[in-house]
Structures are given as C-alpha cells and as structure tokens.
Amino acid sequence: MLEIKYVRQNLSELRDALEKRGDAADLSTFEQADQQRRKILNEMEQLRHRRNVVSDEIAGMKKRGENADERVAEMREVGARIKELEQALADYETQINEILIRLPNVPAPSVPEGQDESDNALVREIGVRPEFDFAPQPHWTVGEKLGILDFERAAKIAGARFPLYLGAGARLERALINFMLDLHINDHGYSEVLPPFIVNRHSMNCTGQLPKFEEDLFKLEQWEYFLIPTAEVPVTNIHQDEVIDESDLPKYYVAYTPCFRAEAGSYGKDTRGLIRQHQFNKVELVKFAVPENSYDELERLLADAETVLQKLGLAYRVVLLCTGDMGFAAAKTYDIEVWMPAQQKYREISSCSNFESFQARRAGIRFKRKSRKKTELVHTLNGSGLAVGRTVAALLENCQQADGSVAIPEALRPYMGGKETITL
C-alpha cells in the first residue's frame, strides 16, 4: 500500500504513474476525502484546545464560588460536536483506506513504459534451443503417450485444469521439488520453511491479493480462509507486525507449496497441458531486505532462479516487464521464460519482483537500524524458483527423443534413482 503522505504530496506524479500502468483510479475522490479529513482534524484540534482552556476556567470559577453553568453548557456542546467530528473522521478515513488499498504500486524508474507484454524489454537469452530430426510433440502428448500424465482422469476426479501424474511423472515432479529446494538451500543460502497452505483474509490483504483479485482465489465456504495462490502469501506474512533487527537482514526463505488459482480472467487460454492449472506445485523464493540493498537482492534472486534452468540445460530468456504488464504490488519485475519447442515460443516459468515497501506497509513489517531509534519499513521480494509443473512441461518438450522417451537431465538423475530416461 502507498503511504497517504506520499499520495497527498505527489498526486500529479501518481496520476502519471497509474496511467502508465493502465490503471484508471480516480484520485480526485481521494483528494476530496483527504481535504475533508484534514479540515475535520483541524476543527477537532481547536475544539479540544478550547475544552482544555474552559475546563481550567470552570475549575477556577468553582473554586472561587462563581456560577459556571454557562461554561458547562458550552462544554456539553463542544463535547457533542467532537463526537460528531470523530464519527465523520472515521468515515472519511475508511473511505481513504478503501482508495489506498486498491492503488497499485508505483513502477521503479528503470521499468520501461508500455501497455502489455509486447512492450516488455528483452534482457538476455541463455542456452541453445534443441534441434530435432522429427516433429517435436507438445508436452501433454508426450506425457500421455508415456503414461505419466492423465488429464482425462484428472477431469473426472476434479474437473478441467487439474493434473494427474502417474508413475515416473509423479516421481519427476517430486524430484524437481527436491532438486530445487536443495539447490536454493545448499548453494544459495535460503532457509527452508513449510508454511500453511490456507491463510486468512488479512494475510491476503498484506501481500496485495485482496481486495482487488478475490475472483482469482479459492475461498473456503463459510470461512474467512483462502487456499494460497503462491507461497509468497504465507511466507511474507511470517514477519507480519514484527520489527526485525538490521543485523538479521537480508532474510532468505524458500518454500515448496501447492498453489491454487481460479484463473478467472484466463477463459480459453492454455486449456491443454500443464501451463495454466487450478492446482500446481511451486518452489518460491522470498526475501526481506533493507531499502538501499533491495535492487541488488532482486538481481541475486533472479540469478538464483535462472540457475535452476541452467543446471537442467533448458534454453530461456529474461525479460523486464513494462509498466502495463507488471503485477499489482510490484515496483519492478523480471520474467524468466523457458523455450517450448513444440509451441515454438517462450513461456513464463518464473516472475521475480521487488515490492519495495508496498507489502511491508500493509503487513506492518519493519526493521530497526542500530544508528537510529525510529523503525523503517523493510523491502520485500519474491520469485518462483521455479514453477514445478511448467518445468515438467519444459523437460518433456525439450528432452523428448524420437522413440517417444524423455531424457532426464544429469543434474536430476540422483533424484530419479539414477534413471537416465523415462520410457514406456
């Protein structure tokens, strides 16, 4: 959430920033409500001062035996007016908070201006795309022919956009989870956590999923609980309403969780395969950093996620998202897109973002420097390290063989019991 003082003092710049993001928020409503709020606060301050002065006068008059009825009657009116103003103030503050909580983050200066993904900036391409002497099959066909993916039975069990992994497919998913966790823990210095997969409404508000994106979430009926769309939510909220010592920053966390998304706005997109599911597994990287170091930490987080693809031998590219394609809470985002040969396109497999103080302000996550008494908001960052189902899809497409088998990358073989290929 943006700070009210920042919004008040930078209305023109904020309007420009929101326009670049394609957000049509009406800041005039905020401006009017804020002016009324400040007017009320000024009147309340004057009335309270008057009450203090007259209270002293009443005490003096009574001590001298003088009649203070007129002053007492005046104070009753002042008290009643203060109560009216307090209610009006609460109403305006609620209105202002409702506006602020729906405003997206301000893009960092280094974010390119643009309307959609076509305006994203290519940062780099890594790896060699595989060449085949046969027509490569899409991953759902490869998986179904090998008997390791069964979307038909998954639909019978749950519905569309749910996967069913079988045999070596289930083991491949588990192998990737363990491989990613071990890599980030042992090589990159993250601490593993296993958080709840269900969170309350406040936690969703803290990370920015609510209130704007409730239709994309799975809510438990008759409970104010939600299935998590990403481990970002519970892991970021580990330090909700806490003050962290500066010496304990940066903090690095890695978590495996299933993720649940309604995908309300994606009707008709990626209806086949593992790319866009209602339930999928993901290994998530979350960081807490001091403000002056957070963009260096974003570059390191990005490199950590890239390492997974490098060790698996998968070609990919990194793009910097433009203002119109960034997520609601992000100040800057890199997407990592893996090459999918059967589709002849790159597909997103990770988003790595710096939220600056946007989430920390909502969640009350602060830190204390040794040199200052006043606490400050931390900067929060996260990124997929990686989305597991999409990694399975990329392996099935990139590592498929002419006979229908799939070669297992060397880095993954210890997690697959030494197997080098998945065959019928």
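The structure this text deals with has already been given above.
Residues numbered from 1 in each chain as written. Predicted model: local features only at pLDDT ≥ 70, side-chain atom pairs only at ≥ 80, totals over all residues. Heavy atoms only, no water.

> Could you clarify how one ought to interpret the overall build of the protein in this entry?
Summing up its helical and strand segments, the protein has 12 helices and 16 strands in all. The C-alpha atoms of the protein give 27 Å as radius of gyration, which overshoots the globular expectation for 424 residues (22 Å, by more than 25%). Principal axes of the C-alpha set define a box for the protein whose edges measure 105 × 50 × 35 Å. Within the span of the protein, comprising 424 residues, buried residues form 49% of the whole. At a minimum sequence separation of 6, the contacts of the protein that also span at least 24 residues come to 74%. Carbon and sulfur atoms make up 46% of the accessible area of the protein, which totals about 20,800 Å². (Helix = DSSP H or I, 4+ residues; strand = E, 2+ residues; numbered from the N terminus. Rg over C-alpha atoms; globule rule 2.2 N^0.38 Å. Buried < 20%, exposed > 50% of the residue type's maximum accessible area, 1.4 Å probe, protein only. Contact = heavy atoms within 4.5 Å. Areas by Shrake-Rupley, 256 points an atom, 1.4 Å probe, with all protein chains shown as cover.)

> What's the story with a nonpolar patch on the surface in this structure? I'm lost.
A grouping of Leu 194, Phe 197, Ile 198, Trp 223 and Tyr 225 is seen on the molecular surface, where their side chains present a nonpolar patch of about 520 Å² in accessible area. Tracing the chain through its elements places Leu 194 in the loop between β2 (191-193) and β3 (198-200). (Patch = residues over 30% accessible without salt bridge, like charges linked within 9 Å, V, L, I, M, F, W, Y side chains within 5 Å. Salt bridge = Lys/Arg side-chain N within 4 Å of Asp/Glu carboxyl O.)

> Looking at this model, I keep getting lost on the packing of helix α7 (residues 168-186) against helix α10 (residues 294-312). Mind explaining?
For any two helices packed against each other, the geometry is given by the interaxial angle and the distance between the axes. Between α7 and α10, whose axes approach to 11 Å, the crossing angle comes to 125 degrees. By the criterion of interaxial angle, the relationship of α7 to α10 is oblique. Crossing handedness for the pair α7 and α10: right-handed. Residue-level inspection shows Leu 176, Phe 179, Met 180, Leu 183 and His 184 of α7 in contact with α10, the latter providing Asp 304, Ala 305, Thr 307, Val 308, Lys 311 and Leu 312. (Axes fitted to C-alpha atoms, helices over the stretch in contact; angles between N-to-C directions. Parallel < 35°, antiparallel > 145°, perpendicular 65-115°, else oblique. Left-handed = near helix turned anticlockwise from the far one by under 90°.)

> How should I be thinking about the pairing of strand β7 (residues 251-260) in this particular structure?
The two faces of a sheet get side chains in turn, since along a regular strand they alternate between them. Across the 10 residues that make up β7, a large majority, eight, are buried. Judged from the three bridges that link them, β2 and β7 form a sheet pairing that is parallel. Bridge assignment links Ser 191 to a residue of β7, and that residue is Tyr 253. Relative to strand β8 (residues 279-289), β7 runs antiparallel, the two being bridged by 10 bridges. Within the sheet, the bridge partner assigned to Tyr 256 lies in β8 and is Val 283. (Pairing = 2+ DSSP bridges.)

> Help me out: how do you make sense of the side chain of Gln 277 in this one?
With respect to the secondary-structure elements, Gln 277 resides in the loop between β7 and β8. A distance of 3.2 Å separates a polar atom in the side chain of Gln 277 from the backbone nitrogen of Phe 162. There is a polar contact of 2.6 Å between the side chain of Gln 277 and the backbone oxygen of Gly 273. In this structure, Gln 277 is in contact with Phe 151, Arg 161, Phe 162, Pro 163, Arg 261 and Glu 263, ignoring residues within four places of it in sequence. (Polar contact = N/O pair within 3.5 Å; in protein donor to acceptor, adjacent residues only side chain to side chain.)

> What should I look at first to understand the environment of Phe 226 in this one?
Note on placement: Phe 226 falls in strand β5 (residues 225-227). Through-space distance from the C-alpha of Phe 226 to that of Asn 200 is 6.3 Å; in sequence the pair is 26 residues apart. Leave out the neighbours within four places in its chain, and Phe 226 touches Phe 197, Ile 198, Val 199, Asn 200, Arg 201, Met 204, Leu 210, Glu 214, Leu 217, Phe 218, Lys 219 and Leu 220.

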